[in-house]
Amino acid sequence: MKAKFIKKYHRREFSRDIVELEYEYRGIRYLVFEDRAKGNEPLSWQHKSEQARINRILDTPKTSGKPFDMDEIFELLEQD
């Protein structure tokens with residue numbers, strides 16, 4: 001499954017240009033970033049890492065047998 005591009009954000013922090021790219025994957029939004037002044041981890045690595053984290057959360061079997069609700073997904077995302 002491919003991520004869907006949502007929006008591009010430009011920030012200036014400590015005289016550095018930072019570009020944040022927002023994507024949606026399996027119904028959950030995430031950000032990857034590019035620090036144009038300093039460099040950073042390649043965007044492809046950031047995508048793989050975020051998508052793997054989302055897959056772990058959504059594919060984790062629940063003991064109760066009922067489907068996740070959005071509040072539970074947000075709680076799991078905050079723990080990671």
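Chemist: I'd like to hear about the overall build of the chain, residue by residue, with values.
Modeler: Looking only at helices and strands, one finds two helices and three strands in the chain. Helices and strands in the chain line up, N terminus first, as β-β-β-α-α. Considering the chain as a whole, with its 80 residues, one finds that 26% of them fall into the buried category. Approximately 6000 Å² of the chain is accessible, and the part contributed by carbon and sulfur atoms is 52%.

Chemist: Would you mind going over a negative patch on the surface in detail, with residue names and values included?
Modeler: Taken together, the side chains of Asp69, Asp71, Glu75 and Glu78 define an acidic patch exposed on the protein surface. With respect to the helices and strands, glutamate 78 occurs in helix H2 (residues 70-79).

Chemist: Go over helix H1 (residues 43-59) with me, naming the residues and quoting the values.
Modeler: Three- or four-residue spacings in an α-helix give side chains the same orientation, since the helix completes a turn every 3.6 residues. Spanning 17 residues, H1 covers 24 Å between terminal C-alpha atoms, matching the ideal 24 Å at 1.5 Å per step. Those residues of H1 not exposed but buried are Gln46, His47, Glu50, Gln51, Arg53, Ile54 and Ile57. Summarising the axial view, the buried residues of H1 lie within an arc of 155°, below the 170-degree limit, and thus occupy one face. Away from the buried face of H1 by more than 90 degrees, exposed residues Trp45 and Lys48 are located.

Chemist: Describe the pattern of salt bridges, with residues and values.
Modeler: The tally for this structure, following the rule as stated, stands at four salt bridges. Residue glutamate 22 pairs with arginine 29 through a salt bridge whose shortest N-O separation is 3.4 Å. Judged by its relative accessible area of 48%, arginine 29 falls in the partly exposed class. Between arginine 53 and glutamate 50 there is a salt bridge whose closest N-O contact spans 2.7 Å.

Chemist: Break down the packing of aromatic side chains for me, citing the residues and quoting the values.
Modeler: Scanning the entire structure with this criterion turns up two aromatic pairs. With 5.5 Å between their ring centres and 70° between their planes, phenylalanine 5 and tyrosine 23 make a pair best called edge-to-face. With a gap of 18 residues between them, phenylalanine 5 in strand S1 (residues 4-13) and tyrosine 23 in strand S2 (residues 16-25) connect regions that are remote in the sequence. Tyrosine 23 gets classed as buried once you look at its relative accessible area, which sits at 15%.

The rules behind the values
- Residues numbered from 1 in each chain as written.
- Predicted model: local features only at pLDDT ≥ 70, side-chain atom pairs only at ≥ 80, totals over all residues.
- Heavy atoms only, no water.
- Helix = DSSP H or I, 4+ residues; strand = E, 2+ residues; numbered from the N terminus.
- Buried < 20%, exposed > 50% of the residue type's maximum accessible area, 1.4 Å probe, protein only.
- Areas by Shrake-Rupley, 256 points an atom, 1.4 Å probe, with all protein chains shown as cover.
- Patch = residues over 30% accessible without salt bridge, like charges linked within 9 Å, V, L, I, M, F, W, Y side chains within 5 Å.
- Salt bridge = Lys/Arg side-chain N within 4 Å of Asp/Glu carboxyl O.
- Lys, Arg positive; Asp, Glu negative; His and termini not counted.
- Charge placed at Lys NZ, Arg CZ, Asp CG, Glu CD.
- Expected span 1.5 Å × (residues − 1).
- Arc of directions from axis to C-beta.
- Phe/Tyr/Trp six-rings, centres within 6.5 Å; stacked < 30°, edge-to-face > 60°.

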